[in-house]
Amino acid sequence: MSDRSRVALAPGWLLHRYPYRETSIIAEVLTRDHGRIGLVARGARAPGRRSRPAIGPFEPLLFSFRQGGELASLDKAESTGSGYRLTGEAFLAGCYVNELLLRLLPRGDAVPEIYALYEDTLRGLAGDTARSVRHFEGRVLSLLGYLPSLTRDASGRVLEPGRFYRYDRDIGLVPARQGESTEMLLAIASEEYGDSRVLNAAARLFRTIVAAHLHGRPLRSLDVARAIGARGTGSS
């Protein structure tokens, strides 16, 4: 977008919002055509203001804004539907999904596949929460180029039956005495998340990869991911 360009009715989702200066709000949103962007709702918290942006989590929104640097200026946000009423574990999982995108997806990088995946994930969270989260993690890591080959090691050799491998951020999977087995890695590659053992293995692997790319800055919702990964499947 050119400097100070106007965008009208851009489809998107709220990922997070927080106070900005004395009376404003910053909304971090995921849009279909512009990727993740930061929107400033100026004066949204001003005393006596009656009209505030209709921004809510897990509901489809339309954003109108003016771009002018690192942050865009929000003109209007409106809902396009009822959205997804996530409660309990599904709500916590949705918060984790949002934080994962906030931390991994750079501002301004439009990835239409991630946008489509996000809504599919929200739809699935109320059903099979654990499977939906693992599916989302794997697909996002793959789309961002962070997921190594799960069928070949860092040297390009096909994974050997009966061997274990660990993840190395710089080169991929390397043979190790401990780690994930070839059987589990191939099952993760095929997204066989109906198997509780695969769910647990995927949770461990994806958590390791995410941590490596956050450079030691932990996710606030990491405990949520661990709990979801272990629900009904034994320890992870």
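**Observations concerning the overall build of the protein**
Looking only at helices and strands, the protein has six helices and eight strands in total. Overall, the protein shows an N-to-C arrangement of helices and strands of β-β-β-β-β-α-α-α-β-β-β-α-α-α. In the protein, which comprises 236 residues, the share counted as buried stands at 45%. Excluding contacts between residues fewer than 6 apart, the proportion of contacts in the protein whose partners are at least 24 apart in sequence is 55%. Split by element, the accessible area of the protein, about 12000 Å² in all, is 48% carbon and sulfur.

**Things to note about the nonpolar core**
Membership of the largest hydrophobic core comes to 45 residues, with the highest contact counts inside it found for Leu101, Tyr118, Ile188 and Leu205. At the level of elements, β1 (6-20), α1 (88-104), α2 (112-125), α3 (129-143), β6 (164-168), α4 (182-189) and α5 (196-213) are the ones that each hand at least two residues to this core. Non-local contacts of Leu101, meaning those with residues more than four positions away in its chain, are made with Leu15, Leu30, Arg36, Ile114, Tyr118, Phe136 and Val140. Counting 17 residues, the second-largest nonpolar core is a separate cluster that includes Ile37, Leu39, Phe65 and Ala77.

**What to know about the confidence of the model for the protein**
Summarising the model, the protein shows a mean pLDDT of 88, and 89% of its residues fall at 70 or more. Predicted confidence for residues 232-236 stays below pLDDT 50, and this span has 10 contacts to residues more than four positions away or in other chains.

**Description of the pairing of strand β4 (residues 61-67)**
Extensive coverage of β4 is indicated by the burial of five of its seven residues. Judged from the seven bridges that link them, β4 and strand β5 (residues 72-79) form a sheet pairing that is antiparallel. Its bridge partner lying in β5, Leu61 is registered against Ser79. The turn joining β4 and β5, which pair antiparallel and follow one another in sequence, is formed by four residues; a positive phi near 125° is taken by Gly69.

**Thoughts on the sheet that holds strand β8 (residues 180-181)**
One open sheet accounts for three strands, arranged β7-β6-β8; its pairing is antiparallel. Every interior strand has two partners, whereas the edge strands, β7 (172-176) and β8, have only one. Sheet analysis places β6 next to β7, joined by five bridges and oriented antiparallel. Counted as the bridge partner of Arg166 is Val174 from β7. Here α5 sits on the sheet in contact with β6 and β8, set at roughly 25° to β6.

**Some details on the packing of aromatic side chains**
Evaluated as defined, the whole model comprises three aromatic pairs. Aromatic pair Phe58 and Phe91: ring centres 5.8 Å apart, planes at 90°, arrangement edge-to-face. In this pair, Phe58 sits in the loop between β3 (35-41) and β4 while Phe91 sits in helix α1, placing the two residues 33 residues apart along the sequence. For Phe58, a relative accessible area of 4% gives the class buried. Three or more aromatic residues link up through ring pairs in this structure, and these residues are Trp13, Tyr84 and Tyr118.

**Observations regarding the sheet that holds β5**
Read once around its circumference, the closed barrel built from five strands follows the order β1-β2-β3-β5-β4, with strand pairing classed as mixed. If you compare each strand with its neighbour and ignore which way they point, the axes differ by 50° on average. Across the sheet, α1 lies against β1, β2 (24-31) and β3, angled at about 100° from β1, the strand it touches most.

What counts, and at which threshold
Residues numbered from 1 in each chain as written. Predicted model: local features only at pLDDT ≥ 70, side-chain atom pairs only at ≥ 80, totals over all residues. Heavy atoms only, no water. Helix = DSSP H or I, 4+ residues; strand = E, 2+ residues; numbered from the N terminus. Buried < 20%, exposed > 50% of the residue type's maximum accessible area, 1.4 Å probe, protein only. Contact = heavy atoms within 4.5 Å. Areas by Shrake-Rupley, 256 points an atom, 1.4 Å probe, with all protein chains shown as cover. Core = buried A, V, L, I, M, F, W, Y, C linked by side-chain atoms within 4.5 Å. pLDDT = per-residue confidence, 0-100. Pairing = 2+ DSSP bridges. Axes fitted to C-alpha atoms, helices over the stretch in contact; angles between N-to-C directions. Phe/Tyr/Trp six-rings, centres within 6.5 Å; stacked < 30°, edge-to-face > 60°.

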